[in-house]
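Coordinate analysis (summary)
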Amino acid sequence: MLETTKQILSDLIAFPTVSVDSNLDMIAYLAARLEDCGAKAQIFQDETGKKANLFATLGPEIDGGIVLSGHTDVVPVADQDWTTDPFVMEERDGRLYGRGTCDMKGFIAAAIAMAPNFAQRVTNMPVHFAFTYDEETGCIGAGHLVEALKESNIKPRLAIIGEPTSMRIIEGHKGCFEYSTRFQGLEGHGSAPDLGVNAVEYAARYVSFLLGLKAKLTTMAPASSRFEPPWTTVNVGAIRGGSVHNVIAPKAQVDWEMRPVQASDTSFVKEALKAYCENELLPAMRKVYPDAQISTEVVGEVAGLIPKDSNEARKLLMELTGANGANLVPFGTEAGLFQSMGMDVVVCGPGSIEQAHKTDEFLSLDQLAHCLELLENLNRRISEK
Ligand SMILES: [Zn+2]
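Described below are features of the structure shown in this document.

Reading guide: rules and limits
- Residues numbered from 1 in each chain as written.
- Predicted model: local features only at pLDDT ≥ 70, side-chain atom pairs only at ≥ 80, totals over all residues.
- Heavy atoms only, no water.
- Donors = N, O, S within 2.8 Å, 3.2 Å for Na, K, Ca; no water.
- Tetrahedral: all angles 85-135°; square planar, octahedral: opposite > 155°, others 65-115°.
- Helix = DSSP H or I, 4+ residues; strand = E, 2+ residues; numbered from the N terminus.
- Buried < 20%, exposed > 50% of the residue type's maximum accessible area, 1.4 Å probe, protein only.
- Expected span 1.5 Å × (residues − 1).
- Arc of directions from axis to C-beta.
- Contact = heavy atoms within 4.5 Å.
- Polar contact = N/O pair within 3.5 Å; in protein donor to acceptor, adjacent residues only side chain to side chain.
- Pairing = 2+ DSSP bridges.
- Axes fitted to C-alpha atoms, helices over the stretch in contact; angles between N-to-C directions.
- Core = buried A, V, L, I, M, F, W, Y, C linked by side-chain atoms within 4.5 Å.

Okay, the coordination of the zinc ion next. The protein atoms that coordinate the zinc ion are His71 (NE2), Asp103 (OD), Glu163 (OE) and Glu163 (OE), at distances of 1.9 to 2.7 Å. Geometry at the zinc ion is irregular, judged from its four donor atoms and the angles of 52 to 140° they form at the metal. Summarised as a motif, the one-chain spacing of the donors to the zinc ion is H-x31-D-x59-E. Of this pair, His71 sits in strand S3 (residues 66-71) while Glu163 sits in the loop between strand S7 (158-161) and strand S8 (170-173), and the two are 92 residues apart along the sequence. Note on accessibility: His71 and Glu163 belong to one class, buried.

Okay, structure coming up:
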């Protein structure tokens, strides 16, 4: 099984599925392999027609079953000085090198390699495969896939997201919500502040209000929160605007993020900011300049994976791996989106996040073998269900 998996992984690495580029060839390859063992495969293209999600099912078309999920895109290799061609997999010293080996084509290769075995056993419980696009740019593909699944009324029960966790079971991570807020004021001479609308000054007031919310959030963490730190964090990453000392700045931009530990915190922040802009900042700006604007662009809103007291996926994986607990991680994944569909979800996959996105990314053969062992144990379990 390891040899088959290595061959599939080598095929997958050869598809240069950097997020900006098409993943269609890889999706077609995965769909063909799954159909060969009897899966019903559905390809959902995005609006550009350049990218697609794949959702495939082995076994009966009933509610329940387990989703094995991975993203097909990889981060760029530009500006990285690789020892060998990043899109040609190389085996050296017990490691498989190549862009995407660890994040996260290794897991996909293992799932595909096991598909013929799953096909023998899935009489009572379906095994689903969800392979998405544009995870690295904000889980765009998974968002669309979840919408498509809701529409087609497919209701899997459990999901494993095979991001690299060194095969540890992960039951939670914070969300990551990123925004750019832009201020349009009115230019003028610095000596006559009342005749212009200084976008930089309004941006400063906005940031100051946001920092007030940031402080408030530290008191709002659920008592049971195991995150580090336990509350929802806010970071103002960049402020841009204006040109020189004596000109009233007509434009400014604030780039900021929050990493929520619970969904209610995101609505708390968004509603407070909206009210502050509508009731205080905009009326003041528009008194001088009726066309003044504040607009917020959503760069990405990746829901967190909220740890739950009861989680059947965690229970199953603990049984299958012999692990005695589950952990949290600081990085985001598509897991929260699947959780939002009512599934029990864990993140568990081969390779270390330490190697993800880096020059000479690799996956150790040992990790890949562990992943296959988990999937083989899962396969034995499927027919018992
Ligand atoms: Zn990843």
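What follows picks up the thread again.
Right, let's get into helix H5 (residues 199-217). Count 3.6 residues to each turn of an α-helix, and residues three or four apart come out pointing the same way. With 19 residues, H5 ought to run about 27 Å at 1.5 Å a step, and its terminal C-alpha atoms sit 27 Å apart, in line with that. Within the sequence span of H5, burial applies to Ala199, Tyr202, Ala203, Tyr206, Val207, Leu210, Leu213 and Leu217. Across the axial projection of H5, the buried residues extend over an arc of 140°, all falling on one side. Residues of H5 that are buried make contact with strand S9 (176-184), strand S11 (233-241), strand S13 (251-259), helix H6 (263-288) and strand S14 (293-302). Of the residues flanking the start of H5, the one acting as N-cap is Asn198, its side-chain oxygen 3.0 Å from the backbone nitrogen of Val200.

Taken in spatial order, the four strands make up an open sheet running S11-S13-S9-S14, and their pairing is antiparallel. Lying at the two open borders of the sheet, with one neighbouring strand each, are S11 and S14. Direction aside, neighbouring strands of the sheet carry axes that sit 15° apart on average. Contacting S9, S11, S13 and S14, H5 runs over the sheet at an angle of about 10° to S13.

Structurally, Phe118 can be placed in helix H3 (residues 101-121). Each C-alpha atom of the pair Phe118 and Leu210 lies 50 Å from the other, and the pair is 92 residues apart in sequence. Apart from residues lying up to four places away in sequence, Phe118 is in contact with Leu58, Leu68, Ala111, Val127, Phe129, Leu375, Leu378, Asn379 and Ile382.

On to the nonpolar core. Formed by 59 residues in total, the largest nonpolar core has its most connected members in Leu12, Leu30, Leu34, Leu68, Phe118, Phe129 and Leu378. With residues up to four places along the chain from it excluded, the contact list for Leu378 reads Ile66, Leu68, Phe118, Leu316 and Leu320. If you look at the next biggest cluster of nonpolar residues, it comprises 27 residues, including Tyr202, Val207, Val254 and Leu282.

From the geometry alone we can't say anything about function, so treat these as descriptive.
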